[in-house]
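Observations on the model geometry
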Amino acid sequence: MKPTHSISQKINQSLRILLPILVTQISMFAMTFFDTFMSGHSSANDLAGVAIGASIWVPVQTGLTGILFAVTPVVAQFLGGNQKDRVTFSVVQGIYLAVAVACAVLLCGWLALDPLLNRMHLEPAVRSTAKGFLIAIAAGIVPLFVYTVLRSFMDGLGQTRMSMTITLISLPINSILNYLFIFGSLGFPRLGGVGAGVASAITYWCICIVALIVVIRRRPFADYRITQKTYGISLKAWKELLRIGLPIGFAIFFETSIFAAVTPLMSEYNTVTIAAHQAAINFASFLYMVPLSISMALTILVGFEAGARRYKDARQYSYLGIGMALGMAVLCAVILVLFGDRIAAIYTKETSVLALTKQFLVYAVFFQLSDALAAPIQGTLRGYKDVNVTLIVALVSYWIIGSPTGYLLAHVSPLGAFGYWIGLITGLAFGAAGLFMRLLYVQRRRRGKEPCSTPPADPLRSGMDGDPAALAGALQDGLHQPHPAVAVGESREFARMLFHAFAAEHEVIEIVDRVLHAVRPSFPMPARQADQLLGLGGHEL
């Protein structure tokens, strides 16, 4: 990534960051899509079982991997602030944290899975499929969480194309494994919906191994020597990651869990309703990949600019992202209205499920507009590392407003199962409004805080272009004139000014040392103090 100075440059850089993320998110979603799609063509019980299993797994996955997404804004801000030495340490601590979180999930799952499924009153075949799916997918939790950190590291550096490539590699692997394990092809056991969990777990191991190889061998990632530097566990670093990551993770959890919670609530209806709801929510989630990708791109772009304190550029990126998301939302809504019957036919051939899926898709139109506003704002706020209010907004809008509204409409009004979807729409709308107000507040606080991008006119700054001899001459002239930058006791600050204003990246220490030694006789200060200044290295400056 690099600084931009015009709207056209920002659009180009936004697209360069966004498009690989979009392809990555669609590819990762495609794994869940193929799980649902292939299970649905196995049987309605397999589709319903995978739906129940996914409704439990997806909030856990997205919420906890959301905690690990803290690595992205941390890396982006270090990069923008030219603090590259701190990147490696943060990424290594993120990997340690990922393993710890994964182990905690496995322990909780072992203790809570059966009691949770027993409370849903599922048909025996559906319950068996859901439990088998979750047990199978648990084998891939550790590599999935480690991969999330590695991907966040790549994205934080602006290298989103690499994570896209890795995910694209994983897609055919997952599809082939689904085919083998769900339908029992080529001599593999026919596992039905459970096979979808087996395929996903194996795929998670594959993408983690590929990502590790890339980080070790390919530049610019190899320059950070993630696997070559050994650090002990730092609770202080974990605390910093969790300070940013926990609000992100819980905000994502509150959003995804309310969608997932609707699926078990649908168990009070019949299997056809569960299957139709899952098919419709699956496609709505597919469309959500567009605003979600824009959100992730904004976290990187805004984080980079905020790290360099270029807040005006950060604001421009945020509004560009919101505009793109709203435009895509209108397009997606048109697709849902015009092609609802064809979309429903992708998931099932059973007439009753097909008709009900088409009705659910009508309500999905309204998801798009709220998501188009809320998701980019969430990404922008994460780039600013402003995450706590987002958590509160998510909790209130989804669980205090949206969930009770949906429950009441489903049980008091004649809407039935559709009442839950209206509750979801209501929660999304309130969430979008709350996040927009927070964004305005955060950006207003940062107005006027940008450092001066163009230094004032100064005789010491004209015609030197980083040349040591010219710098030395100008400095010698300046030392004999009443110039505030070179007053006795302020020579260190003036050296810093020279360092930032004229030194090229690869010549920093050499130029500064040569300039300081060239002007040694002219310093109006005691020899000892001048010698101390001459001993300054590039790191201290």
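The present account deals with the structure reproduced in this document. Note that the structure is predicted; figures quoted are calculated from it, not measured. Residue positions are given per chain, counted from 1 along the sequence in the order it is written. Two thresholds apply to this predicted model, a pLDDT of at least 70 for residue-level local features and 80 or more for giving and counting side-chain atom pairs, whereas whole-chain, interface and lining totals are computed over all residues. Calculation of side-chain values draws on the structure's entire complement of heavy atoms; hydrogens and water are dropped beforehand.

Time to look at the pattern of salt bridges. Salt bridges, as used here, are contacts in which a Lys or Arg side-chain nitrogen is within 4 Å of a carboxyl oxygen on Asp or Glu. As enumerated under the stated definition, the model contains three salt bridges in all. Glu 305 serves as the salt-bridge partner of Arg 310, at 2.6 Å between the closest nitrogen and oxygen. The class of Arg 310 is partly exposed, set by a relative accessible area of 23%. To sort residues, take the accessible area from a 1.4 Å probe on protein chains only and compare it with the maximum for the residue type: under 20% means buried, over 50% means exposed, and anything in between is partly exposed. Using a relative accessible area of 0% as the deciding quantity, one classes Glu 305 as buried. Put simply, Arg 438 and Asp 386 hold a salt bridge, and the shortest N to O gap is 2.6 Å. Pair noted here: Arg 438 is in helix H15 (residues 418-446) and Asp 386 is in the loop between helix H13 (351-383) and helix H14 (388-412), with a separation of 52 residues, a long-range link. For the pair Arg 438 and Asp 386, one class covers both residues: buried. The way it works is that DSSP assigns letters per residue, a run of H or I at least four long becomes a helix, a run of E at least two long becomes a strand, and they are numbered from the N terminus.

Let us now look at unusual backbone geometry. Glycine aside, the phi torsion of most residues is negative, and most peptide linkages are trans. Even without being glycine, Lys 385 reaches a positive phi, approximately 60°. Mapped onto the elements, Lys 385 comes out in the loop between H13 and H14. Since its relative accessible area comes to 22%, Lys 385 is described here as partly exposed.

Side-chain rings of Phe, Tyr and Trp, where Trp is taken by its six-membered ring, are said to pair if the distance between their centres is within 6.5 Å; with planes under 30 degrees apart they count as stacked, over 60 as edge-to-face, and otherwise as tilted. For the structure on display, the rule yields six aromatic pairs. Members of the aromatic cluster, each reached through a chain of ring pairs, are Phe 360, Tyr 363, Phe 418 and Trp 421. When the NZ atom of lysine or the CZ atom of arginine is within 6 Å of a ring's centre and also within 35 degrees of its normal, the charge is said to sit over that ring. It is Lys 10 that lies over the ring of Tyr 317; its NZ or CZ is 5.7 Å from the centre.

So, on to the nonpolar core. Within the largest apolar cluster, 136 residues are counted, with the highest numbers of intra-cluster contacts made by Phe 145, Phe 153, Phe 360 and Phe 367. A total of 22 residues in this core trace back to one element, the largest contributor, which is helix H10 (residues 271-307). Contacts are assigned to residue pairs with any non-hydrogen atoms lying within 4.5 Å of each other. When sequence neighbours within four positions are dropped, the list of residues in contact with Phe 360 reads Met 266, Thr 273, Ala 276, His 277, Ala 280, Ala 417, Phe 418 and Trp 421. For this analysis, a nonpolar core means a set of buried residues of the types Ala, Val, Leu, Ile, Met, Phe, Trp, Tyr and Cys, connected via side-chain atoms within 4.5 Å.

Bringing the environment of Gln 77 into the picture now. Secondary-structure assignment places Gln 77 in helix H3 (residues 71-80). We classify Gln 77 as buried; its relative accessible area is 16%. It is 9.6 Å that separates the C-alpha atoms of Gln 77 and Arg 309, two residues lying 232 residues apart in sequence. Not counting residues within four places of it along the chain, the set of residues in contact with Gln 77 comprises Gly 303, Ala 306, Gly 307, Gly 383, Tyr 384 and Lys 385.

What follows concerns helix H12 (residues 340-347). Along H12, the residues that are buried comprise Gly 340, Ile 343, Ala 344 and Tyr 347. Angular distribution of buried residues about the axis of H12 spans 100°; they occupy a single face of the element. Read the arc as the range of directions from the helix axis to the C-beta atoms.

What follows is about the layout of surface pockets. Points on a 1 Å grid over protein atoms alone make up a cavity when a 1.4 Å probe fits among them but cannot get out, and a pocket when they form an open set with protein on both sides within 12 Å along at least five of seven lines; lining residues each have an atom within 4 Å of a point. Grid points are joined across faces, edges and corners, and a volume is the space filled by probe spheres set on the points. Put simply, the second largest pocket is a space of about 470 Å³. Around the second largest pocket, the lining is made up of 18 residues, and of these Val 105, Cys 108, Gly 109, Trp 110 and Leu 113 lie nearest the centre. Contributions of two or more residues to the lining of the second largest pocket are made by helix H2 (44-68), helix H4 (85-118) and helix H5 (124-138). Residue contributions to the lining of the second largest pocket peak at nine residues, all from H4. Any residue outside Ala, Val, Leu, Ile, Met, Phe, Trp, Tyr, Cys, Pro, Asp, Glu, Lys and Arg is labelled polar, Gly included; the first ten of those are nonpolar and the last four are charged. Taken together, the residues that form the lining of the second largest pocket break down as 15 nonpolar, one polar and two charged.

Right, let's talk about the packing of helix H7 (residues 160-183) against helix H8 (residues 193-217) for a bit. It is at 8 Å that the axes of H7 and H8 come closest, and there the two elements cross at 155°. Looking at the two axes, H7 sits roughly antiparallel to H8. Seen along the crossing, H7 lies across H8 with a hand that is right-handed. Where H7 abuts H8, its residues Met 162, Ile 166, Ser 170, Ile 173, Asn 174, Leu 177, Asn 178, Phe 181 and Ile 182 lie against Gly 195, Ala 196, Val 198, Ala 199, Ser 200, Ile 202, Thr 203, Cys 206, Ile 207, Val 210, Ala 211 and Val 214. Classifying every residue of the contact of H7 with H8 by side-chain character gives 15 nonpolar, six polar and no charged. For helices, the axis comes from a line fit to the C-alpha atoms of the stretch in contact; other axes are also lines fit to C-alpha atoms, and the angle between any two N-to-C directions lies between 0 and 180 degrees. Angles below 35 degrees are treated as roughly parallel, those above 145 as roughly antiparallel, those between 65 and 115 as roughly perpendicular, and all remaining angles as oblique. Take the far helix as your reference; a near helix turned counterclockwise from it by less than a right angle gives a left-handed crossing, and one turned clockwise gives a right-handed crossing.

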